[in-house]
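Each chain, written out:
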Amino acid sequence: MHLTRRNRILRVSPAIREMVAETVLKPSDFIAPMFIVEGQQVKEEISSMPGYYRMSIDLAIEEVQQLWSLGIRSVLLFIKCTDDRKDNTGAEALNPNGLMQRSIRAIKAACPAMVVMTDVALDPFSTFGHDGIVQGAEIVNDATVEVLAQMSVSHAQAGADFVAPSDMMDGRIAAIRNALEMAGFHNTGIMAYSAKYASCFYGPFRDALDSAPGFGDKKTYQMDFANRTEAIKEVMMDIEEGADIVMVKPAMAYLDIIREVKNNVQVPVSAYHVSGEYAMIKAAAKMGWLNEEKAIMESLTSIKRAGATLIATYFAKEAATMLQR
Ligand code: PBG
């Protein structure tokens with residue numbers, strides 16, 4: 001044969017493949033989620049997330065320093081609220097000495113350069129396990145938004161660099177931006193969970209925080225996974241309301257959404273590679289059915305290739321470690 005074009009030329013050797021690679025992961029692409037609990041020297045493995053832990057603040061600080069030295073530049077904090085502090089108003093979420101506020105202060109004191117992002121939603125604090133205030137069978141929007149705005153200011157006061165509302169209430173980004181402005185936090189950013197789907201892939205996360213909804217599901221606020229156009233609507237509204245970064249969640253089953261969002265916006269896009277996506281790879285690797293390291297790198301590269309500038313992933317540390325060698 002006399003071919004004018006031989007595509008395999010660009011795949012001949014590892015060096016050529018490296019030269020022409022279109023997508024290259026780096027540690028600062030990753031946002032490392034952290035689950036924080038009360039106590040000291042506590043490190044509990046989450047049963048449905050093997051290799052991932054809930055940690056007390058003292059150990060979380062050490063973890064953050066390690067993540068920084070691996071090149072990771074951001075952590076996303078979640079706390080496990082004790083049952084006695086849960087209610088239907090989100091009072092504990094506003095406690096200036098709550099676990100979240102103490103965690104933020106401790107981490108910023110130990111590693112000031114690390115970008116600290118905080119989850120803003122009521123589910124860890126809710127007796128009902130819902131992201132908002134419950135009246136009857138309804139998760140009420142406007143009253144919830146008021147608490148989320150105050151909660152965001154409280155996180156900013158403790159030193160958070162970005163608040164990350166994950167609740168999917170309407171109008172919360174504008175309310176949060178406004179509350180931050182009123183309180184003088186002009187440099188506190190908002191990473192909005194803009195296209196967050198009602199997904200079964202959050203199961204292990206709810207084990208981690210003991211935050212599964214006590215009744216019903218989250219389908220009246222999180223999106224229907226059948227929808228794509230609606231994701232663009234959510235994203236565009238969050239940007240108009242002041243979101244600095246928009247997020248698509250989950251990631252692997254939603255690569256089409258990540259790309260469509262990327263093609264429509266001028267702000268950084270993040271994707272949340274969620275707990276169930278972590279658990280699937282871990283489980284298959286444990287069974288010997290998948291090569292874990294290869295599965296991690298292929299998954300994260302696909303998410304970046306789809307259009308995510310930032311990836312929140314429980315594999316942040318493992319991937320950053322692999323990238324260092
Ligand atoms: C809560 C929240 C959830 C996740 C992040 N923030 C769970 C939910 O909405 O039920 C999921 C993260 C994961 O599964 O890794 N607002």
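Here, every reference points to the structure presented above.
Residues numbered from 1 in each chain as written. Predicted model: local features only at pLDDT ≥ 70, side-chain atom pairs only at ≥ 80, totals over all residues. Heavy atoms only, no water.

> Any details on the overall build of the protein chain? Residues and values, ideally.
A tally of helices and strands in the protein chain yields eleven helices and twelve strands. Relative to its length of 325 residues, the protein chain is compact, with a C-alpha radius of gyration of 20 Å against a globular reference of 20 Å. In terms of principal-axis extent, the alpha carbons of the protein chain reach across some 75 × 45 × 40 Å. Taken across its 325 residues, the protein chain has 54% of its residues classed as buried. (Helix = DSSP H or I, 4+ residues; strand = E, 2+ residues; numbered from the N terminus. Rg over C-alpha atoms; globule rule 2.2 N^0.38 Å. Buried < 20%, exposed > 50% of the residue type's maximum accessible area, 1.4 Å probe, protein only.)

> Quick rundown of the pattern of salt bridges? Include the residues and the values.
Scanning all chains against the criterion turns up 17 salt bridges. Its salt-bridge partner being Arg-172, residue Asp-167 comes within 3.1 Å of it at the nearest N-O pair. Across the pair, Arg-172 and Asp-167 agree in class, each one buried. Across the salt bridge formed by Glu-293 and Arg-325, the nearest N and O atoms sit 2.6 Å from each other. In this pair, Glu-293 sits in helix α10 (residues 292-306) while Arg-325 sits in the segment after α11 (316-324), placing the two residues 32 residues apart along the sequence. (Salt bridge = Lys/Arg side-chain N within 4 Å of Asp/Glu carboxyl O.)

> Describe the pairing of strand β9 (residues 189-196), listing the residues and the values that go with them.
In terms of burial, β9 is a largely internal element, eight of the eight residues being buried. Relative to β9, strand β8 (residues 162-165) runs parallel, the two being bridged by two bridges. By the bridge assignment, Val-163 is partnered in β9 with Ile-190. Handedness of the crossover joining β8 and β9 through helix α5 (residues 172-182) is recorded here as right-handed. Looking at chain direction, β9 and strand β10 (residues 245-249) are connected through five bridges and run parallel. By the bridge assignment, Tyr-193 is partnered in β10 with Met-247. (Pairing = 2+ DSSP bridges. Right-handed = clockwise from strand over helix to strand, strands pointing away.)

> Give me the pairing of strand β5 (residues 115-120): which residues, what numbers.
Of all six residues in β5, five are buried; the element is thus mostly enclosed. A crossover links strand β4 (residues 74-79) with its parallel partner β5, the connecting element being helix α3 (residues 99-110), and its sense is right-handed. The pairing of β5 with β8 spans four bridges and is parallel. Looking at β8, one finds that Val-120 is bridged to Pro-165.

> Mind laying out the packing of aromatic side chains, listing which residues take part and the relevant values?
What characterises a pair of aromatic rings is the spacing of the ring centres plus the angle enclosed by the ring planes. Under the counting rule described, the total for this entry stands at 13 aromatic pairs. Centroid distance Tyr-52 to Tyr-314: 4.9 Å. Interplanar angle 85°. Geometry classified as edge-to-face. Remark: Tyr-314 occurs in the loop between β12 (310-313) and α11 and Tyr-52 occurs in strand β3 (residues 49-56); sequence separation between them is 262 residues. The class for Tyr-314 is buried, based on a relative accessible area of 3%. (Phe/Tyr/Trp six-rings, centres within 6.5 Å; stacked < 30°, edge-to-face > 60°.)

> Outline the side chain of Ser-299, supporting the account with residue identities and numerical values.
Among the structural elements, Ser-299 can be located in helix α10. At a separation of 2.7 Å, a polar atom in the side chain of Ser-299 contacts the main-chain carbonyl oxygen of Ala-295. Every residue in contact with Ser-299, bar those within four places of it in the chain, is listed here: Met-252, His-273 and Ile-281. (Polar contact = N/O pair within 3.5 Å; in protein donor to acceptor, adjacent residues only side chain to side chain. Contact = heavy atoms within 4.5 Å.)

> Account for the site of the ligand, with residues named and values stated.
Surveying the vicinity of the ligand reveals 18 residues, the closest of which are Lys-196, Arg-206, Lys-249, Ser-275 and Tyr-314. Residue Asp-131 places a side-chain N or O atom 2.9 Å away from a nitrogen atom belonging to the ligand. Lys-196 has a polar side-chain atom sitting 2.7 Å from an oxygen atom of the ligand. Isolated, the ligand exposes 400 Å² of accessible area, and the fraction of that covered by the protein chains is 100%. (Near = heavy atom within 4 Å. Areas by Shrake-Rupley, 256 points an atom, 1.4 Å probe, with all protein chains shown as cover.)

> Which residues make up the nonpolar core, and what are the values?
Nonpolar side chains in soluble globular proteins generally cluster together in the buried interior. Among the nonpolar cores identified, the biggest contains 108 residues, and Phe-35, Val-75, Leu-77, Ile-258, Val-261, Tyr-272 and Leu-300 are the most heavily contacted of them. Ranked by residue count, the leading element in this core is helix α4 (residues 141-158), at eight residues. Those residues in contact with Val-75 that lie beyond four places of it in its chain are Ile-31, Ala-32, Met-34, Val-64, Leu-67, Met-114, Val-115, Val-116 and Met-117. (Core = buried A, V, L, I, M, F, W, Y, C linked by side-chain atoms within 4.5 Å.)

> Any chance you could break down helix α2 (residues 57-69) for me, citing the residues and the numbers?
One full turn of an α-helix is made of 3.6 residues, so residues set three or four places apart face in the same direction. Its 13 residues place the ends of α2 19 Å apart at the C-alpha level, agreeing with the 18 Å of an ideal helix rising 1.5 Å per residue. Turning to α2, its buried residues are Ile-57, Leu-59, Ala-60, Ile-61, Glu-63, Val-64 and Leu-67. The secondary structure elements touched by the buried residues of α2 are β1 (30-37), β2 (43-46), β3, β4, α3 and α11. Two residues or fewer after α2 comes Gly-71, characterised by a positive phi angle close to 100°. (Expected span 1.5 Å × (residues − 1).)

> Give me a nonpolar patch on the surface: which residues, what numbers.
Residues Ile-9, Leu-10, Val-12, Met-19 and Val-20 make up a contiguous nonpolar surface patch of roughly 530 Å² in combined accessible area. One can find Val-12 in the segment before α1 (14-20). (Patch = residues over 30% accessible without salt bridge, like charges linked within 9 Å, V, L, I, M, F, W, Y side chains within 5 Å.)

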